Each structure stands twice: as structure tokens, then as C-alpha cells.
Amino acid sequence: MKKVFHLGLDKVQVEGAKVAIVPGDPARAERIANELDNPIALAKTREYHVFLAYIKQQPVIVCSTGIGGPSTSIAVEELAQLGIKTFLRVGTTGAIQPNINEGDLLISHASVRLDGASQHFAPIQYPAVADFFATNAMVSACDELGATYHLGITASSDTFYPGQERYDTYSGYVTKAFQGSFDEWQNLGVMNYEMESATLFTMCSALGLKAACVAGVLVNRTKSEIPDVDHQVVEKKAVSAVIKAAELLV
């Protein structure tokens, strides 16, 4: 049985799983897998830590993607080759709307394509949109959990610093293309910045796959650049939502 190049797995090992939960952080992938039934570590290579587990006796894959679009695209491509059809991203984020509080959950139904990787799957005119049914499962999960959430558009950047117009950097300089971009996205109603959803949404739509994304708010950048919340508490909220959504989709 042929194995995919980076993950080093074959179809037999994923046991027919159709749904994958895809956090960025390898440690978070393990924590998520341990919340499910009978977790088994399948592979740990570079940023990709892959686990097989079960929800309602159905196999589910949990796979970390690392940070950013390029590494995410590799994980999604190879998991799709193994038979995964639905990708549920979970992560953390910085909000840019003043009405969003630390600890809230953000469900992205579309993303501003500030990345480069998505352009390798579709031209820039092609929208980065989440799957309706997978996103509806995220909404239903948050409703069932009683979580405070917001549904809207995310700005998805290849970089953490200049692409998200951060000036607390080595040079303190942001190129002209991104100067004023924070205010522009805020004025256009964008909820937050993160680094993977544009690639994930564009890629999955172009390939006939399904994707949704939920993120826990660590900081509201209209108030502070430094998180002042318990990361573990915020992560737990987001993880609970993505697991509940997966239960609705398996």
C-alpha cells in the first residue's frame, strides 16, 4: 500500500476516516486526540503529528498542520489522498472588532486571502469560503455548548507580524501594502486575523472537499497586543466546539 510523502501513512492506517480535526500545534493535536475514544498515534514527523481516534465508534483523524498556509496545504493534500473529505480547523486568534471579547469563539464563514499558498489552487478572484454544512455544524456545536461565538469573515495572513500590521518588531517597519490594513479590515467588518483559513477554504472548495474553522480569542487587538487570558481555558472552549461539530458530521 502506497504511503503519502510527508505524513508517511497509507489508507489502511486511517481505517476509512472521512473527517479530520486539524489544529496547528502538534501538542494540541495530541490533547484533542486524548479527548476522543481509543486514540492511537499514527505518525510524528516535522510539524505533522497524526492520531486516529473514534467518535460514536467512527474513525476520525486528528492532524497538526503547523503554522501557515504552505504546511497546511501539505497536510490537507495528503489526508485527502488518504480519503479524508471534511477538515475542521481549530486554533486561537486575535480579534480586531471592539465587541469581541477574550475567550469568545469565532467561526469563519469566509477569509480574506492575504496568503500566497491559496493562489496555487485558484486565482485570487476565487473566494475563500467555508463549507455551509460543516460551518453549520460548528454553529450548532457552539449553540449546544452555550458558548459565546461570532460568525463572520477572517483576515488570513501568511505572516504574523507585517501581514497583520504589527509594529512591535525588530525593524518596527511595515511595508506600504500593509500600512493601514488593520483599520481597513476592521472597517469592512472583518472579525480577526489568523494564518491558515484562506489556504484551507480555497483549497478545499477547489478540490471538492469540505472545511470549517473555529478559533478561540486570546486577545482583542483594539485593547491590547498582549494576551491576558488563560490559554488553556480558551483552547478548551474551541476544542469542545470542534469535537462537538465532528460528532455531528461523522
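For the structure itself, look to the data block above.
Quantities reported herein were computed from a predicted structural model and do not represent experimental measurements.

Rules and cut-offs
Residues numbered from 1 in each chain as written. Predicted model: local features only at pLDDT ≥ 70, side-chain atom pairs only at ≥ 80, totals over all residues. Heavy atoms only, no water. Salt bridge = Lys/Arg side-chain N within 4 Å of Asp/Glu carboxyl O. Helix = DSSP H or I, 4+ residues; strand = E, 2+ residues; numbered from the N terminus. Buried < 20%, exposed > 50% of the residue type's maximum accessible area, 1.4 Å probe, protein only.

Chemist: Requested: an account of the pattern of salt bridges, with residues and values cited.
Modeler: Any two side chains of opposite charge can pair, given that their charged atoms come close. Counted by the stated rule, this structure contains ten salt bridges. Of the charged contacts in the structure, one is a salt bridge between Arg 89 and Glu 196, with a shortest N-O distance of 2.7 Å. Within this pair, whereas Arg 89 is found in strand β5 (residues 86-95), its partner Glu 196 is found in the loop between β9 (192-194) and α6 (197-207), the two being separated by 107 residues in sequence. For the residue pair Arg 89 and Glu 196, the accessibility class agrees, reading buried in each case. With its nearest N and O atoms 3.3 Å apart, the salt bridge here joins Glu 144 to Lys 244. Taken together, the residues Glu 144 in helix α4 (residues 132-145) and Lys 244 in helix α7 (residues 231-249) connect sequence positions 100 residues apart. Overall, the relative accessible area of 53% leaves Glu 144 in the exposed class. Put simply, Asp 25, Arg 28, Arg 31 and Glu 235 are held in one network by salt bridges that share partners.

Chemist: Pulling in residues and values, what's your account of unusual backbone geometry?
Modeler: Within the chain, Glu 15 stands out as a residue other than glycine whose phi angle is a positive 55°. You can see Glu 15 is positioned in the loop between α1 (11-14) and β1 (19-23). Its relative accessible area of 45% is what places Glu 15 among the partly exposed residues. Here the phi dihedral of Asn 38 falls at roughly 50°; this positive angle occurs in a residue that is not glycine. Tracing the backbone through its elements, the reader meets Asn 38 in strand β2 (residues 37-45). With a relative accessible area of 56%, Asn 38 lands in the exposed category.

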